[in-house]
Amino acid sequence: MLSKIKDIVAASMAVKRQVWADETLLQTVETVTEVITKAFRQGNKVLFCGNGGSAADAQHLAAEFSGRFYIDRDALPAEALHTNTSYLTAVANDYSYDVIYSRLIKGLGNKGDVLVGLSTSGNSKNIVLAFEQARSNGMITIGFTGTGGGKMKDISDYLVNVPSTDTPRIQEAHILLGHIICQLVEEKYFGGK
């Protein structure tokens, strides 16, 4: 069992080493940091969406902005779109699970807002539809995916595609990169730590 645990840790480290060595991916993370900081400075909000573990990660990252990361500071306007279970279950029941995010984006998304969608495959239909609606609203889209980017590759303004096809390893890297973005945005917006 101990060797299996070490193998899993090694697999996670291997993906992170690939991330560390991928200058294009790291440049995208830097650019995304600038984009989100600019959106906040212009009075816009950052919205997050995902499914399953990626929904938990989306909610986690939204809370880092609306709560705090390292700095004791004011809240930033960020929210995960799936936290209203009454809305979520009503729309999924009355319409379709595929439109749970796009309906909210149509009503809440303003020009200049940012939508961050997390999907390890990049093919989650509800996130793809949300990104299409976000584009219609004049929003900026940031996709967090695995290798290739799936359908989100062509509809994301910025794609953070982790070099892996292993869902847990992708999600671990999403949180790492999301935390980096939260830290850097916080430092840029409020001043260094």
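To start, this report covers the structure provided alongside it.

Each value, and the rule that gives it
- Residues numbered from 1 in each chain as written.
- Predicted model: local features only at pLDDT ≥ 70, side-chain atom pairs only at ≥ 80, totals over all residues.
- Heavy atoms only, no water.
- Phe/Tyr/Trp six-rings, centres within 6.5 Å; stacked < 30°, edge-to-face > 60°.
- Helix = DSSP H or I, 4+ residues; strand = E, 2+ residues; numbered from the N terminus.
- Buried < 20%, exposed > 50% of the residue type's maximum accessible area, 1.4 Å probe, protein only.
- Pairing = 2+ DSSP bridges.
- Axes fitted to C-alpha atoms, helices over the stretch in contact; angles between N-to-C directions.
- Contact = heavy atoms within 4.5 Å.
- Parallel < 35°, antiparallel > 145°, perpendicular 65-115°, else oblique.
- Left-handed = near helix turned anticlockwise from the far one by under 90°.
- Nonpolar A, V, L, I, M, F, W, Y, C, P; charged D, E, K, R; others polar.
- Salt bridge = Lys/Arg side-chain N within 4 Å of Asp/Glu carboxyl O.

This brings us to the packing of aromatic side chains. According to the stated counting rule, one finds 5 aromatic pairs in the structure shown. Geometrically, the ring pair formed by Phe40 and Tyr189 is edge-to-face, given 6.4 Å between the ring centres and 75° between the ring planes. Of this pair, Phe40 sits in helix α2 (residues 23-41) while Tyr189 sits in helix α7 (residues 167-190), and the two are 149 residues apart along the sequence. When its relative accessible area of 3% is taken as the criterion, Phe40 is described as buried.

Moving on, we come to the sheet that holds strand β3 (residues 114-118). Spatial ordering of the open sheet is given by β2-β1-β3-β4-β5, a layout of 5 strands whose pairing is parallel. Two strands in the sheet have a free side with no partner beyond their single neighbour: β2 (78-80) and β5 (158-161). Taking the axes of each pair of neighbouring strands and ignoring which way they run, one obtains an average angle of 15° across the sheet. Sheet topology note: the strand β4 (residues 140-145)/β5 ladder contains 4 bridges and is parallel. Among the inter-strand pairings, Gly143 is bridged to a residue of β5, identified as Leu159. Against the sheet, α2 makes contact with β1 (46-50), β2, β3, β4 and β5, and its axis sits at roughly 135° relative to β5, the strand it touches most.

This part is about the packing of helix α4 (residues 85-94) against helix α5 (residues 100-108). In a pair of packed helices, the angle between the axes and the distance between the axes together describe the arrangement. In the contact formed by α4 and α5, the axes pass within 9 Å of each other and the chain directions differ by 115°. As far as their axial angle goes, α5 and α4 are roughly perpendicular. Where α4 crosses over α5, the handedness of that crossing is right-handed. Along the contact surface, α4 presents Tyr87, Leu88, Val91 and Ala92, while α5 presents Ile100, Arg103 and Leu104. The class makeup of the residues in the contact of α4 with α5 is 6 nonpolar, no polar and 1 charged.

On the secondary structure map, Asp72 appears in the loop between α3 (53-66) and β2. The spatial distance from the C-alpha of Asp72 to the C-alpha of Tyr158 is 29 Å, given a sequence separation of 86 residues.

Our next topic: the pattern of salt bridges. When the charged atoms of two side chains lie near each other, side chains of opposite charge can form a pair. One pass over the structure, following the stated rule, counts 7 salt bridges. For Lys188, the salt bridge goes to Glu34, with nearest N and O atoms at 3.1 Å. Taken as a pair, Lys188 in helix α7 and Glu34 in helix α2 lie far apart in primary sequence, 154 residues in all. Given a relative accessible area of 39%, Glu34 falls into the partly exposed group. The partner of Lys45 in a salt bridge is Asp113, with the nearest N and O atoms 2.6 Å apart. Residue Lys45 is found in the loop between α2 and β1, and its partner Asp113 is found in the loop between α5 and β3; the two are separated by 68 residues along the sequence. Residue classification places Asp113 among the buried residues on the basis of a relative accessible area of 1%. What you see here is one network of salt bridges that share partners, running through Asp166, Arg169 and Glu172.

The analysis is restricted to geometry; functional conclusions fall outside its scope.
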